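If you want the building blocks of each chain, they are given just below.
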Amino acid sequence: MTSMSRARVARRIAAGAAYGGGGIGLMSAAAVGLLLAEVRMARRQVGNGGGPHPPSADGLYGHGYATPGEPPIRLVLLGDSTAAGQGVHRARQTPGALLASGLAAVAERPVELRNVALPGAQSDDLDRQVGRAVSGGDWIPDICVIMIGANDVTHRMPPTRSVRHLSSAVRRLRTAGAEVVVGTCPDLGTVEQVQQPLRWLARRASRHLAAAQTIGTVEQGGRTVSLGDLLGPEFEANPRELFGPDNFHPSAEGYATAAMAVLPTVCAALGLWPAEEERPDASRREGFLPVARAAAEAASEPGTEVTAAMPTGPRGPWALLKRRRRRRVPATDPTPTTSRGVSSG
């Protein structure tokens, strides 16, 4: 499917989400019926990613940067098992810990991490998670990272409903004063056990949802990063290296790949990225596009950022599409300390 076609589908989904429309199916009823047996088989082979609870990585990172009177940056992760870090055994291997330690090194300030993500969550759980993230009036996050969407696809949640919940979550967090970065739906077409034609349908559904998520997020003042590579080409090429033991959730190396894709956008949202890298680079096909086109292109290219750029014009809202260079997550103290100063990792 071309990016223009994907842009049209994404616009319809986002419009349905905004105006309360019904579900826009990404698969026909006939196709779903033919594939039910294969879906059940794939679920048995892949499993639900069950197992031990993800390790808790909450705490303070980069405490060596502490300065009297200067509070730490407050980072909250929301979403599903990917945001929670399911599939690894050590707190420092989770995406929250990787992002917190990287952000602390770039900002040269401590970072206080809270993770309210829930394994197995779909987008309709974000309302509860946002409530936890901003429940304390004296503790408002500076930056929130949301990773959601995979379970919406596998459980066939109508994409309009999925985007409506995500848009509402972004709006509430922005209203509370937090910057928001959304890692969009990963490419489920690369899960090793899923065979054709389910693989093709899963990839198509994932990319359509990712594009629609981008439109909904950008319209509410957030930024998105395409996480197609979370289960995308790199995972497809190196499944034994980048998938965890359950062959569904990422391994430590896979989470590091995702963190490196998201960290530059987190830093940019907080005004910490070099100014010269904020200007679009035409040689890398960066620039200003109608938001639906930017969303469609980002869904096809992992690690691509989309953020609001201009007021609405004759062709609708516009956005800046950037292909940020991936950098190694800066090394800093990978072990958080709780408020009591005890290692939580």
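Residues numbered from 1 in each chain as written. Predicted model: local features only at pLDDT ≥ 70, side-chain atom pairs only at ≥ 80, totals over all residues. Heavy atoms only, no water.

### Some details on the overall build of the protein
Secondary structure assignment for the protein yields twelve helices and nine strands. Counting across all 345 residues of the protein, residues that qualify as buried make up 52%. Intrachain contacts of the protein at a sequence separation of at least 6 include 80% that bridge at least 24 residues. (Helix = DSSP H or I, 4+ residues; strand = E, 2+ residues; numbered from the N terminus. Buried < 20%, exposed > 50% of the residue type's maximum accessible area, 1.4 Å probe, protein only. Contact = heavy atoms within 4.5 Å.)

### Quick look at the pattern of salt bridges
Taken as a whole, this structure holds 13 salt bridges when the rule is applied. Residues Glu179 and Arg174 are paired through a salt bridge, measuring 3.7 Å at the closest nitrogen-oxygen approach. Residue class for Arg174 comes out partly exposed when judged on its relative accessible area of 29%. When the shortest N-O distance is used, the salt bridge between Arg293 and Glu297 registers 3.7 Å. Here Arg293 and its partner Glu297 are both found in helix α12 (residues 291-300), four residues apart, which amounts to about one turn of the helix. The network of salt bridges with common partners includes Arg285, Arg293, Glu297, Glu301 and Arg323. (Salt bridge = Lys/Arg side-chain N within 4 Å of Asp/Glu carboxyl O.)

### Examining helix α7 (residues 159-176)
Under the 1.5 Å per step criterion, the end-to-end length of α7 is 26 Å for 18 residues, consistent within 8% with the ideal 26 Å. Taken residue by residue, α7 has Pro159, Thr160, Ser162, Val163, Leu166, Ser167, Ala169, Val170 and Leu173 as its buried positions. (Expected span 1.5 Å × (residues − 1).)

### Here's the deal with α12
Burial of α12 is extensive: eight of the ten residues sit out of reach of the surface. Among the residues of α12, Val291, Ala292, Ala294, Ala295, Ala296, Glu297, Ala298 and Ala299 are the ones counted as buried.

### Section: the pairing of strand β2 (residues 73-79)
A regular strand places its side chains so that they alternate between the two faces of the sheet. Counting buried positions along β2 gives six out of seven residues, so the element sits mostly inside the fold. Note: β2 against strand β3 (residues 111-115), five bridges, orientation parallel. In the strand pairing of β3, Leu75 is matched with Leu113. (Pairing = 2+ DSSP bridges.)

### A closer look at the nonpolar core
If you look at the biggest cluster of nonpolar residues, it comprises 35 residues, and the most contacted ones within it are Leu75, Leu99, Leu103, Ile143, Val145, Val181 and Val262. Of all the secondary structure elements, the ones that give two or more residues to this core are β2, α3 (81-84), α4 (95-107), β3, β4 (143-147) and α11 (252-269). The element best represented in this core is α11, accounting for nine residues. Those residues within four positions of Val262 in sequence are excluded, and the remaining contacts are Leu99, Val145, Met147, Val181, Val225 and Leu227. Core analysis: the second largest hydrophobic core is formed by 18 residues, Val130, Ile146, Ile148 and Leu173 among them. (Core = buried A, V, L, I, M, F, W, Y, C linked by side-chain atoms within 4.5 Å.)

### Observations concerning the packing of helix α5 (residues 126-133) against α7
Where α5 meets α7, the closest approach of the two axes is 9 Å, and the angle between their N-to-C directions is 15°. Classified by the interaxial angle, the pair formed by α5 and α7 is roughly parallel. At the point where α5 passes α7, the crossing takes the right-handed sense. Of the residues in α7, those in contact with Leu126, Asp127, Val130, Gly131 and Ala133 of α5 are His165, Leu166, Ala169, Arg172 and Leu173. The class makeup of the residues in the contact of α5 with α7 is six nonpolar, two polar and two charged. (Axes fitted to C-alpha atoms, helices over the stretch in contact; angles between N-to-C directions. Parallel < 35°, antiparallel > 145°, perpendicular 65-115°, else oblique. Left-handed = near helix turned anticlockwise from the far one by under 90°. Nonpolar A, V, L, I, M, F, W, Y, C, P; charged D, E, K, R; others polar.)

### Overview of the environment of Leu188
Its location among the elements puts Leu188 in the loop between β5 (179-183) and α8 (198-219). When the C-alpha atoms of Leu188 and Arg207 are compared, they prove to be 9.0 Å apart, with 19 residues separating the residues in sequence.

### Observations regarding unusual backbone geometry
Backbone geometry places Glu108, a non-glycine residue, at a positive phi of 55°. With respect to the secondary-structure elements, Glu108 resides in the loop between α4 and β3. For Glu108, a relative accessible area of 55% translates into the label exposed.

### Description of the environment of Leu321
Within the element layout of this structure, Leu321 appears in strand β9 (residues 316-322). Remark: the alpha-carbon pair of Leu321 and Thr304, spanning 17 residues in sequence, is separated by 7.1 Å.

### Notes on the packing of aromatic side chains
Taken as a whole, this structure holds zero aromatic pairs when the rule is applied. Over the ring of Trp139 we find Arg114, and its NZ or CZ is 3.7 Å from the ring centre. (Phe/Tyr/Trp six-rings, centres within 6.5 Å; stacked < 30°, edge-to-face > 60°. Lys NZ or Arg CZ within 6 Å of the ring centre and 35° of its normal.)

### Things to note about the environment of Ala259
Within the secondary structure, Ala259 is located in helix α11. For the pair formed by Ala259 and Gly96, sequence separation is 163 residues and the distance between their alpha carbons is 8.2 Å.

### Focus on the side chain of Ser206
Looking at the element boundaries, Ser206 is found in helix α8. Separated by 3.4 Å, the side chain of Ser206 and the backbone oxygen of Pro186 make a polar contact. Discounting residues that sit within four places of it in the chain, Ser206 has contacts with Val153, Cys185, Pro186, Asp187 and Leu188. (Polar contact = N/O pair within 3.5 Å; in protein donor to acceptor, adjacent residues only side chain to side chain.)

### Side note on the confidence of the model for the protein
Here the protein averages 77 in pLDDT, and 67% of its residues register 70 or above. Note that pLDDT drops below 50 for residues 45-50; the model gives that stretch eleven contacts with residues more than four away or on any other chain. Here residues 327-332 is a poorly scored stretch, pLDDT under 50, and it has 21 contacts once near neighbours within four places are set aside; other chains count. (pLDDT = per-residue confidence, 0-100.)

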